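Report on the structure
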Amino acid sequence: MLDPQLLRNELEKVAAALSKRNMTLDTSSIQVLEEKRKAIQMKTEELQSLRNSKSKEIGALKSKGEDAQAVMDEVASIKAKLDESVSELDEIQIELNDILSGIPNIPHDSVPNGNTEDDNEEVRQWGEPKKFEFEVKDHVDLGEGLGLIDFETATKITGSRFVVMQGDIARLHRALIQFMLNTHSTEHGYQEINVPYLVNADSCKGTGQLPKFEEDLFHIKEHGLYLIPTAEVPVTNIVRDEIVNNDDLPKKFICHSPCFRSEAGSYGKDTRGMIRQHQFEKVEMVQLVKPETSYDVLEELTGHAENILKKLELPYRVVTLCGGDLGFSASKTYDIEVWLPGQNKYREISSCSNFEDFQARRMKARWRNPETNKPELLHTLNGSGLAVGRTLVAVMENYQNEDGSITIPEALRPYMNNQTTIEKQV
RNA sequence: GGAGAGGUGGCAGAGUGGUCGAAUGCACUGGUCUUGAAAACCAGCGGUCCUUUAUCGGUCCCGUGGGUUCGAAUCCCACCCUCUCCGCCA
């Protein structure tokens, strides 16, 4: 949520900033509502104040044993006006709130203009895509060739966009999780955390998945709960409705979790393989920080994700998302794209974002600034470190051998009993 | 799933219809004292929104949402959560 003050005082500036996202803000209707709100709120509070003081008078009179009927009649007429005023105010506030909660975050100045992912700006590249001396396979052919990845059975058990992994591929998948968690917690200073995978609606509102993107979530209606689309939701909501102590900042969490996404609207997109699934696993970095540090932290956090790819020796590039491609809650996002030989292109494997105070305002997540001694909004950031399924795909495709076996990256061997290759079992 | 108890400020804990945003203690902040610290003493100390350049002022908040009343932390209803006991269970 944007700062309502900003919308009041600098509406035109906000509208201009949002045009970078390729959206137009209906400023005139906001202005009209806002003026109405102001007038009615002032009137309402005046009436409330009057009612309160008169009621106290009644109390004082009665305690002295005097007759209070005249004042009571007076309050009755105030009350009628007040009720009307309150319901009018409620209506306007709901309307304004709906508008406000539907407005995305303002892009940072450094965010490039543009509408689609083609307009994203490459920041850097790392590593060289390997030249293969043979015809490369994608992870589906590799996995099915090894007999260790099985989409058909997953479809039988559940449906499309699910997968069953077995044997050494399942172990490699698990090894990746351990490797990522260990690296972030021991080398990058994150605290490991384990959280619920079902969350309530308030948590989804806090991080911005609700109310606008309900169709992307799996909803357990009987219990009013949602399957998490990312650990960002439960982890960031740890500080919802909290005032964090200055000494406890920054908070840095690393969390492995499954992620569930309905992928509504992506029919026909990435239908082959493990790239886009309804369920996948991810190791997520979350940081809750003081506002003045958040852009430095974004660089740092992106570096932490890159470090995983460097250790796995997987070529990648980093892009800055353009305004049109930026997520709803983010001010600035770097995507990290890993090289996939099977597709002969770079594909997103991590998304690192600074939300500034956008999520914090929705969540009422604050810290006490020792300089002002007042509660102030935190800044929230998160990034994948990394998407495990896609990392598995990248390892398989980049480390494939001509015979269909897969060499295990050095960094993962300690997690695989020092095994060096994955081969077809005979 | 059954039975009972309970949800008040950072924590503990009082408050059962009026001057209660809320006693008291602890914690915290500032000051006095001290070479320094501790102790003692004095003072301050929730959040929200509106208005305002700012102050002043006002609204709302005692789990959440409704209701009763001139007036609700206090009474009524629903829901949520926590604890104890029983049952079931990884």
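Conventions used here
Residues numbered from 1 in each chain as written. Chains lettered and ligands numbered in written order. Predicted model: local features only at pLDDT ≥ 70, side-chain atom pairs only at ≥ 80, totals over all residues. Heavy atoms only, no water. Helix = DSSP H or I, 4+ residues; strand = E, 2+ residues; numbered from the N terminus. Contact = heavy atoms within 4.5 Å. Areas by Shrake-Rupley, 256 points an atom, 1.4 Å probe, with all protein chains shown as cover. Lys, Arg positive; Asp, Glu negative; His and termini not counted. Charge placed at Lys NZ, Arg CZ, Asp CG, Glu CD. Core = buried A, V, L, I, M, F, W, Y, C linked by side-chain atoms within 4.5 Å. Buried < 20%, exposed > 50% of the residue type's maximum accessible area, 1.4 Å probe, protein only. pLDDT = per-residue confidence, 0-100. Salt bridge = Lys/Arg side-chain N within 4 Å of Asp/Glu carboxyl O. Polar contact = N/O pair within 3.5 Å; in protein donor to acceptor, adjacent residues only side chain to side chain. Pairing = 2+ DSSP bridges. Expected span 1.5 Å × (residues − 1).

A look at the overall build of chain A
Assigned secondary structure in chain A consists of 12 helices and 18 strands. The contacts of chain A with a sequence gap of at least 6 include a subset with a gap of at least 24, amounting to 73%. By element, 46% of the accessible surface of chain A is carried by carbon and sulfur atoms, the whole surface being about 20900 Å². In chain A, the 50 positive side-chain charges and the 70 negative ones have mean positions that sit 3 Å from each other.

Here we look at the nonpolar core
With 52 residues, the main nonpolar core has Ile169 and Ile422 as its most contacted residues. The leading source of residues in this core is helix H7 (residues 167-187), at 8 residues. For Ile169, the contacting residues outside a window of four places in its chain are Leu146, Leu148, Ile149, Leu392, Met396, Ile406 and Ile422. Membership of the second largest hydrophobic core comes to 16 residues, among which are Val235, Val286, Met363 and Leu378.

As for the confidence of the model for chain A
In the predicted model, chain A carries a mean pLDDT of 92, and 100% of its residues have values of at least 70. Confidence metrics for the complex model read pTM 0.92 and ipTM 0.83.

Brief notes about the side chain of Lys332
Along the polypeptide, Lys332 turns up in strand E12 (residues 332-340). With no salt bridge to any partner, buried Lys332 finds its closest opposite charge in Glu299, at an N-O distance of 4.5 Å. A distance of 2.8 Å separates polar atoms of two side chains, one belonging to Lys332 and the other to Ser110. Setting aside anything within four residues of it in sequence, one finds Lys332 in contact with His108, Ser110, Val111, Tyr295, Leu298, Thr320, Leu326, Cys352, Ser353 and Asn354.

Overview of the environment of Gln69
With respect to the helices, strands and loops of the structure, Gln69 is situated in helix H4 (residues 69-101). By relative accessible area, Gln69 is classed as partly exposed at 40%. Sequence separation of Gln69 and Ile58 is 11 residues, and the distance between their C-alpha atoms is 8.4 Å.

Some details on the sheet that holds strand E14 (residues 366-369)
The strands making up a sheet associate through hydrogen bonds between their backbones, and the pairing can be parallel or antiparallel. Judged by pairing direction, the sheet is mixed, and its 3 strands sit side by side in the order E8-E14-E15 without closing on themselves. Of all the strands in the sheet, just strand E8 (243-244) and strand E15 (374-377) have a single pairing partner and so form its edges. In this sheet, E15 lies alongside E14 in antiparallel orientation, the contact comprising 4 bridges. Considered in E15, the bridge of Trp367 is made with Glu376.

Brief notes about helix H10 (residues 294-312)
Its 19 residues give H10 an end-to-end C-alpha distance of 28 Å, which sits within 8% of 27 Å, the value for a rise of 1.5 Å per residue. Of the residues making up H10, those classed as buried are Ser294, Val297, Leu298, Leu301, Thr302, His304, Ala305, Glu306, Ile308, Leu309 and Leu312. Count one or two residues on from H10 and you reach Glu313, which has phi positive near 55°.

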